[in-house]
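Residue-level structure breakdown
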Amino acid sequence: MSAPATAEVTEQELREGVRELCARYPGAYWRQVDAEDAYPSEFVDAMTKAGWLAALVPEEYGGAGLGIGHAAVILEEVNRSGGNAGACHAQMYIMGTLLRHGSDEQKQRYLPGIAQGELRLQAFGVTEPDAGLDTTQIRTRARRDDDRYVVSGQKIWTSRAEHSDLMLLLARTSEPDEEHGRWYGLSTFIVDLREAPTDRLRIVPIETMLNHSTTEVFFDDLEIPVENRIGEEGMGFRYILDGMNAERILLAAECVGDGRWFLERATEHARERVVFDRPIGQNQGVAFPLAWAYARIEAADLMRRHAADLYERGEKCAPQANMAKLLAADASWEAANACLDTHGGLGFAREFDVERKFRETRLYQVAPISTNMVLAYLAQNVLGLPRSY
Ligand SMILES: Cc1cc2nc3c(=O)[nH]c(=O)nc-3n(C[C@H](O)[C@H](O)[C@H](O)COP(=O)(O)OP(=O)(O)OC[C@H]3O[C@@H](n4cnc5c(N)ncnc54)[C@H](O)[C@@H]3O)c2cc1C
């Protein structure tokens, strides 16, 4: 089934469509790409061809024009099926910056190609080795030179850069000033990776505990046309922050998907595995952690839906989006541990996929934002406690 041509679609129809596609990429497929540290190109191509990754592109540009709640359901179903939406989720959350702050000309230039599956917008170059979570401290420079910018510096953890046509880049164009504050002076650009000469832009893969196609990217006087800057010069950090609520909601949905996958696997095993002459699920020591995990996943799901509703109505939703990500990442991690415990030794055997999903879901505690930073945000911005970051 392909993505619907219009925004008139029920959640159930979406779920069934994505589930049908994911069924063609079972555990064996994901185990193989994991073992080979390979990008799941066939899966991403199928998702692209079906139109699911262009869900947020407005209908006037050839996309499905769906909202964030529906996009979240698509990613949830990928993870719930045993796959890993991390291979392709960025297109959904990067899109927001282009949709909200891009010019009509930029939207016309990129969105139809993305909608048709000819252009991949999958790379997001924000994090740098020396700045860490303090994005205002990034050092990659974009120096204006007539009708172009010349970019020098380094990014780290730029995932999917080798498998994307376009990258959304955050770089410093001027120093912060007194008037605006420390977030000022950063700008956002679309970098066309297809056109970048290899001596000006070098991509170096990083080996990681999960298969995530993540890289370091080195810029050495890479030229970007001025027309590739999104929005006003110096305001880029604001644009990126805007997109972060969407990112939190989408990743919360992935965590809910993971949590549901772990619970399905764990409860099935707990019913079937017999030790001491009874199913292990009859022991409350096995059943209760699963019941807790279920309750926590359902609660996180409600917060993610609440945040998505606010987002779609254009209302402020940063606390809810952050809480959704926090609660969902914790719930999926708890479900992962309960699932591993329920499987006993079998949980460590690759063929059951539990250890792979365990590694994959662990990432959400750290990226794209760490649990500590969400807590610090809530303490400061919601509870009014002194600033700690
Ligand atoms: C597999 C993977 C894929 C990624 N993909 C991308 C990508 O595509 N694009 C991109 O731009 N980035 C990406 N990232 C980067 C990711 O967003 C960062 O790793 C994450 O934001 C944490 O930053 P850091 O690693 O620099 O940690 P640091 O900033 O070095 O922090 C280290 C630890 O200290 C804690 N800490 C720091 N300051 C405080 C404080 N004030 N209070 C409490 N605790 C604090 C943090 O919570 C964290 O646990 C990816 C990372 C990984 C691992």
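Scroll up for the structure.
The structure presented is a predicted model; accordingly, all values stated were derived computationally and were not measured.

A few points about the pattern of salt bridges
All chains considered together, the criterion is met by 30 salt bridges. One salt bridge in this structure joins Arg109 and Glu105, with 2.9 Å as the shortest N-O distance. Remark: Glu105 and Arg109 occur in helix H6 (residues 104-115); sequence separation between them is four residues, near one turn of the helix. Look at Glu105 and you get partly exposed, because its relative accessible area is 45%. Where Asp301 meets Arg304, a salt bridge forms, and the shortest distance between an N and an O atom there is 2.6 Å.

Looking at empty space enclosed by the protein
Considering all chains together, one arrives at three cavities of 30 Å³ or more under this definition. Together, 14 residues line the largest cavity, and Trp30, Pro40, Asn84, Ala87 and Asn211 are the ones closest to its centre. Listed by contribution, the elements that provide at least two residues to the lining of the largest cavity are helix H2 (27-36) and helix H10 (354-362). Of all the elements, H2 adds the most residues to the lining of the largest cavity, at three residues. Taken together, the residues of the lining of the largest cavity sort by class into five nonpolar, five polar and four charged.

Thoughts on the state of the cysteines
With the rule as written, the count across this model stands at zero disulfides. Looking at the unpaired Cys88, the closest cysteine sulfur is the one in Cys22, lying at 8.8 Å. A relative accessible area of 0% places Cys88 in the buried class.

Digging into the layout of surface pockets
Its boundaries defined by the atoms lining it, the second largest pocket holds a volume of some 210 Å³. If you go around the second largest pocket, the residues you meet are Leu56, Leu66, Gly67, Ile68, Met92, Gly96, Leu99, Arg100, Ala246, Tyr311 and Glu312. When contributions to the lining of the second largest pocket are tallied by element, the ones reaching two or more residues are helix H5 (90-101) and helix H8 (284-312). If one sorts the elements of the lining of the second largest pocket by residue count, H5 sits on top with four residues.

Side note on the packing of helix H9 (residues 318-343) against H10
One way to put it is that H9 packs onto H10 with a least axis distance of 9 Å and a crossing angle of 160°. One way to sum up the angle between H9 and H10 is to call them roughly antiparallel. The two elements H9 and H10 cross, and the hand of that crossing is left-handed. Residues Ser332, Trp333, Ala336, Asn337, Cys339, Leu340 and His343 of H9 lie in contact with H10, whose contacting residues are Val354, Phe358, Thr361 and Arg362. In terms of residue class, the contact of H9 with H10 is built from six nonpolar, four polar and one charged.

Considering helix H7 (residues 236-272)
The end-to-end C-alpha distance of H7 is 54 Å, a good match for the 54 Å that 37 residues give at a rise of 1.5 Å each. For H7, the tally of buried residues reaches 28 of 37 residues, placing the bulk of the element in the interior.

As for helix H11 (residues 371-382)
With 12 residues, H11 ought to run about 16 Å at 1.5 Å a step, and its terminal C-alpha atoms sit 16 Å apart, in line with that. Along H11, the residues that are buried comprise Thr371, Met373, Val374, Ala376, Tyr377, Leu378 and Gln380. Buried residues belonging to H11 abut H9. Immediately beyond the C-terminal end of H11, within one or two residues, lies Gly384, with a positive phi of roughly 70°.

Definitions and limits used
- Residues numbered from 1 in each chain as written.
- Predicted model: local features only at pLDDT ≥ 70, side-chain atom pairs only at ≥ 80, totals over all residues.
- Heavy atoms only, no water.
- Salt bridge = Lys/Arg side-chain N within 4 Å of Asp/Glu carboxyl O.
- Helix = DSSP H or I, 4+ residues; strand = E, 2+ residues; numbered from the N terminus.
- Buried < 20%, exposed > 50% of the residue type's maximum accessible area, 1.4 Å probe, protein only.
- 1 Å grid on protein atoms, 1.4 Å probe; cavity = no way out; pocket = protein on both sides within 12 Å on 5 of 7 lines; lining within 4 Å.
- Points joined across faces, edges and corners; volume = space filled by probe spheres on them.
- Nonpolar A, V, L, I, M, F, W, Y, C, P; charged D, E, K, R; others polar.
- Disulfide = S-S within 2.5 Å.
- Axes fitted to C-alpha atoms, helices over the stretch in contact; angles between N-to-C directions.
- Parallel < 35°, antiparallel > 145°, perpendicular 65-115°, else oblique.
- Left-handed = near helix turned anticlockwise from the far one by under 90°.
- Contact = heavy atoms within 4.5 Å.
- Expected span 1.5 Å × (residues − 1).

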